Amino acid sequence: YVRGEGEERAPGGYVSITATDLYADGPAAGAKAKILLIHFDGAIDAGGAGRMAIGQMLRSLHNERVATFDADALMDYRSHRPVVTVDNWVASPEMVMPETVVDLVVDDMGNPILVLHGAEPDAHWESFTTAISSICERAGVEITFSLHGVPSGVPHTRPTPVHVQATDASLLPSGGRITNHMQFPSPLSTFIQIRLGQRGIGGLALLGAV
């Protein structure tokens, strides 16, 4: 983040970044939706299960851009390197840059859904989550879902088991569940769902065992 004219430095010499600094509104910025669906490329996603699901949604359903985030503020380009095309030893000036966006998708029954997807940001997770919270509040989001594939020794000839993780026990489906206790480095999707859960928006993670 580059300090603009007249801006003050925060303690320690760093400039604080506000949530509104991190994204630009798209044409569907004022859309209403009760559901936010989250998936980031490169996070926990064995078999590309979440990536393929999001890709299929965006290909098959009408969608419009709600917000585009500032990659320069959020990404470490050493972990999300731009993709360059070289043809006959000449590098094309058109690079594929890492992108994180919110799109509005309308399903086959006419239900609007916000979809947060793209590269998983490397920095400013708290500020990024505050920005997502603001977008959710504006849209009227009531619940979030995230998609993951988790590695598991299950045969491909059987239906894929899907485990459900929630920010509150009341959101878990009824029925028998395997008792467990886990600790693992959090992907940003889980981080966002926990923070939004603290602000009254419940979250469910769908974990396909593949």
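**Thoughts on unusual backbone geometry**
Phase 1: Phi at W89 is positive, roughly 70 degrees, even though this residue is not glycine.
Phase 2: Residue position: W89 is located in the loop between β4 (86–87) and β5 (90–91).
Phase 3: Judged by relative accessible area, W89 falls into the exposed class, the value being 85%.
Phase 4: In this structure, H124 takes a positive phi of about 55 degrees despite not being glycine.

**Here we look at the sheet that holds strand β2 (residues 35–41)**
Phase 1: Spatially, eight strands are ordered β1-β3-β6-β7-β2-β8-β10-β9 in an open sheet, and the strand pairing comes out mixed. In the strand order of this sheet, the two ends are held by β1 (23–25) and β9 (162–166), each with one partner. Each strand axis lies, on average, 25 degrees off the axis of its neighbour in the sheet, ignoring direction.
Phase 2: Where β2 lies against strand β8 (residues 143–150), four bridges are found, and the strand directions are parallel. Bridging from a neighbouring strand, L36 pairs with T144 of β8.
Phase 3: Along the sheet, helix α3 (residues 125–139) contacts β1, β2, β3 (63–69), β6 (100–106) and β7 (112–119); its crossing angle with β3, the most-contacted strand, is approximately 145 degrees.
Phase 4: Where helix α4 (residues 188–198) meets the sheet, its contacts fall on β2, β7, β8, β9 and β10 (202–209), and the angle it forms with β2 comes to roughly 150 degrees.

**Observations regarding the confidence of the model for the protein**
Phase 1: With 90% of its residues at a pLDDT of 70 or more, the protein shows a mean pLDDT of 87.
Phase 2: Scored below 50 in pLDDT, residues 1–14 makes 13 contacts in the model with residues more than four places away or belonging to other chains.

**Let's talk about the environment of H148**
Phase 1: When you line up the elements, H148 lands in strand β8.
Phase 2: When the C-alpha positions of H148 and A43 are compared, they lie 8.2 Å apart, and in sequence the two are 105 residues distant.
Phase 3: Not counting residues within four places of it along the chain, the set of residues in contact with H148 comprises I44, D45, P187, S189, A205, L206, L207 and G208.

**A look at the pairing of β10**
Phase 1: Most of β10 is tucked away: seven of the eight residues are buried.
Phase 2: Where β8 lies against β10, eight bridges are found, and the strand directions are parallel. Along β10, the bridge assignment pairs I143 with G202.

**Details of a nonpolar patch on the surface**
Phase 1: Taken together, V84, V86, W89, M95 and M97 make up a surface patch of nonpolar side chains, about 590 Å² in accessible area.
Phase 2: Note on placement: V84 falls in the loop between α2 (71–74) and β4.
Phase 3: A residue is classified by how much of its surface remains accessible, and V84, at 42% relative accessible area, is partly exposed.

**Brief notes about the packing of α3 against α4**
Phase 1: Two numbers describe how α3 lies on α4: the axes approach to 10 Å, and their chain directions differ by 60 degrees. Relative to α4, α3 is oriented oblique. Of the two possible hands of crossing, α3 and α4 adopt the one that is right-handed. Of the residues in α4, those touching α3 at W125, E126, F128, T129, I132, S133 and C136 are L188, F191, I192, R195 and L196.
Phase 2: Taken together, the residues of the contact of α3 with α4 sort by class into eight nonpolar, two polar and two charged.

Rules behind the numbers
- Residues numbered from 1 in each chain as written.
- Predicted model: local features only at pLDDT ≥ 70, side-chain atom pairs only at ≥ 80, totals over all residues.
- Heavy atoms only, no water.
- Helix = DSSP H or I, 4+ residues; strand = E, 2+ residues; numbered from the N terminus.
- Buried < 20%, exposed > 50% of the residue type's maximum accessible area, 1.4 Å probe, protein only.
- Pairing = 2+ DSSP bridges.
- Axes fitted to C-alpha atoms, helices over the stretch in contact; angles between N-to-C directions.
- Contact = heavy atoms within 4.5 Å.
- pLDDT = per-residue confidence, 0-100.
- Patch = residues over 30% accessible without salt bridge, like charges linked within 9 Å, V, L, I, M, F, W, Y side chains within 5 Å.
- Areas by Shrake-Rupley, 256 points an atom, 1.4 Å probe, with all protein chains shown as cover.
- Salt bridge = Lys/Arg side-chain N within 4 Å of Asp/Glu carboxyl O.
- Parallel < 35°, antiparallel > 145°, perpendicular 65-115°, else oblique.
- Left-handed = near helix turned anticlockwise from the far one by under 90°.
- Nonpolar A, V, L, I, M, F, W, Y, C, P; charged D, E, K, R; others polar.

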